[in-house]
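# Structural overview
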Amino acid sequence: MAYTYKLDNRKQHKKFQCPSCGKQKSFVRYIDSTNDNYLPEQYGKCDREINCGYHNNPYKDGFAKENIKPHHKHTLKRQASPIPPSFISNDIFSGTLRHHDENNFVQFLITHFGKITATDLIERYYIGSSKHWHGATVFWQIDISKRIRTGKIMLYHPQTGKRVKEGGNHINWVHSVLKMPAFNLKQCFFGEHLLKCEPLKPVAIVESEKTAIIASAYIPEYTWMAAGGLANLSFEKCEVLRNRNVTLFPDVNCFDKWTEKARELSCVTNFIVSTLLEQNATEIERQKGLDIADYLIETQSNKHL
């Protein structure tokens, strides 16, 4: 039996960042065999079957049933019309904006910054809570038009603010957990909703959602946003940054990659790549993968010793 949708096994096929574990070049996406176009980016299989095991099959969640049309073997290939992005309902979104007393990451923010600042950060970034894992956090991706693209669910230690890695990889997505059929994920920047509210502020972009939130408390002169990963600075996503002053703050070992990205995306706007970590990180910090949040926490805490 020939399947319309299949994992991309073409010679020299591309591998992408896994949407579950975040590992680069480990994710094989599904393609439409009638035109060789990729399916929405959540459909695919992670190579890391033991450490991750993510496999989203379009035949299992209703996507194939809703999108496959009869075709003949010799039908001419044609370009498929772009599938519009899916969105999360306000009811689902608002239902997560509570139970912060059970949210590990929020408890870390309260311990580190105090309740007043932590509350401001919760409200600014719409930090949510999830029962998927006890103490889990939802980082909502809300686009510039205030539409909710999805939410990333993650688990942190309440004392250290570090990701919980014991017992498996604690990263998932709201649309995946809710098994939303035919969900077409089109990610935006975390914090993108702030662009219209703060049109005159310079923009700062980091990799992780946690880093954007913490950095915004220390350096509020910027509108802090997160790409959600090293490879997630795409032309499509950066369109919202036209005519803005943008500084990229790469993690300590990613300076060269984001410098190259800044060149590639220079047609969108002028990107500056911060050298702060590149110039100040120690060898031990490089081995640990220091980011701007780690740096700010350490340097600002030492001022009070």
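Residues numbered from 1 in each chain as written. Predicted model: local features only at pLDDT ≥ 70, side-chain atom pairs only at ≥ 80, totals over all residues. Heavy atoms only, no water.

## Observations regarding the sheet that holds strand β13 (residues 271-273)
One open sheet holds the 4 strands; their spatial order is β11-β10-β12-β13, and the pairing between them is parallel. Where the open sheet ends on each side, the last strands, each with one partner, are β11 (223-226) and β13. Across the sheet, the axes of successive neighbouring strands diverge by a mean angle of 25 degrees, strand direction being ignored. Of the pairings in the sheet, the one linking strand β10 (residues 203-206) to strand β12 (residues 246-248) comprises 3 bridges and is parallel in character. When the bridges of β12 are listed, Ala204 appears paired with Thr247. In the packing of helix α7 (residues 209-218) onto the sheet, contacts are made with β10 and β11, and the angle to β11 comes to roughly 170 degrees. Sheet contacts for helix α9 (residues 255-264): β10, β12 and β13; angle to β13, the most-contacted strand, approximately 165 degrees. (Pairing = 2+ DSSP bridges. Helix = DSSP H or I, 4+ residues; strand = E, 2+ residues; numbered from the N terminus. Axes fitted to C-alpha atoms, helices over the stretch in contact; angles between N-to-C directions. Contact = heavy atoms within 4.5 Å.)

## Quick word on the pattern of salt bridges
Counted by the stated rule, this structure contains 12 salt bridges. In this structure, Arg242 and Glu239 form a salt bridge, with 2.8 Å as the shortest nitrogen-oxygen distance. Accessibility expressed as a relative area gives 36% for Arg242, which makes it partly exposed. A relative accessible area of 30% places Glu239 in the partly exposed class. The salt bridge partner of Glu264 is Lys261, with a shortest N-O separation of 3.8 Å. Of the two residues, Glu264 and Lys261 both sit in helix α9, 3 residues apart, roughly one turn of that helix. (Salt bridge = Lys/Arg side-chain N within 4 Å of Asp/Glu carboxyl O. Buried < 20%, exposed > 50% of the residue type's maximum accessible area, 1.4 Å probe, protein only.)

## A few points about the sheet that holds strand β9 (residues 171-173)
As summarised here, the arrangement of the 4 strands in space is β6-β7-β8-β9, forming an open sheet in which the pairing is antiparallel. Of all the strands in the sheet, the pair left with one neighbour each is β6 (128-130) and β9. The mean inter-strand angle of the sheet, taken between neighbouring strand axes irrespective of direction, is 30 degrees. With 3 bridges connecting them, strand β8 (residues 148-154) and β9 associate as antiparallel partners. Counterpart to Met154 in the pairing with β9 is Ile171.

## Description of a nonpolar patch on the surface
A cluster of nonpolar residues, Ile92, Val177 and Leu178, forms a patch on the protein surface that exposes about 200 Å² of accessible area. Turning to its location among the elements, Ile92 is positioned in helix α2 (residues 90-94). (Patch = residues over 30% accessible without salt bridge, like charges linked within 9 Å, V, L, I, M, F, W, Y side chains within 5 Å. Areas by Shrake-Rupley, 256 points an atom, 1.4 Å probe, with all protein chains shown as cover.)

## A few points about unusual backbone geometry
Backbone geometry places His99, a non-glycine residue, at a positive phi of 55 degrees. Tracing the chain through its elements places His99 in the loop between α2 and α3 (104-113). The phi dihedral of Lys179 falls on the positive side, at around 50 degrees, and the residue is not glycine. Checked against the element boundaries, Lys179 lands in the loop between α5 (174-177) and α6 (194-197).

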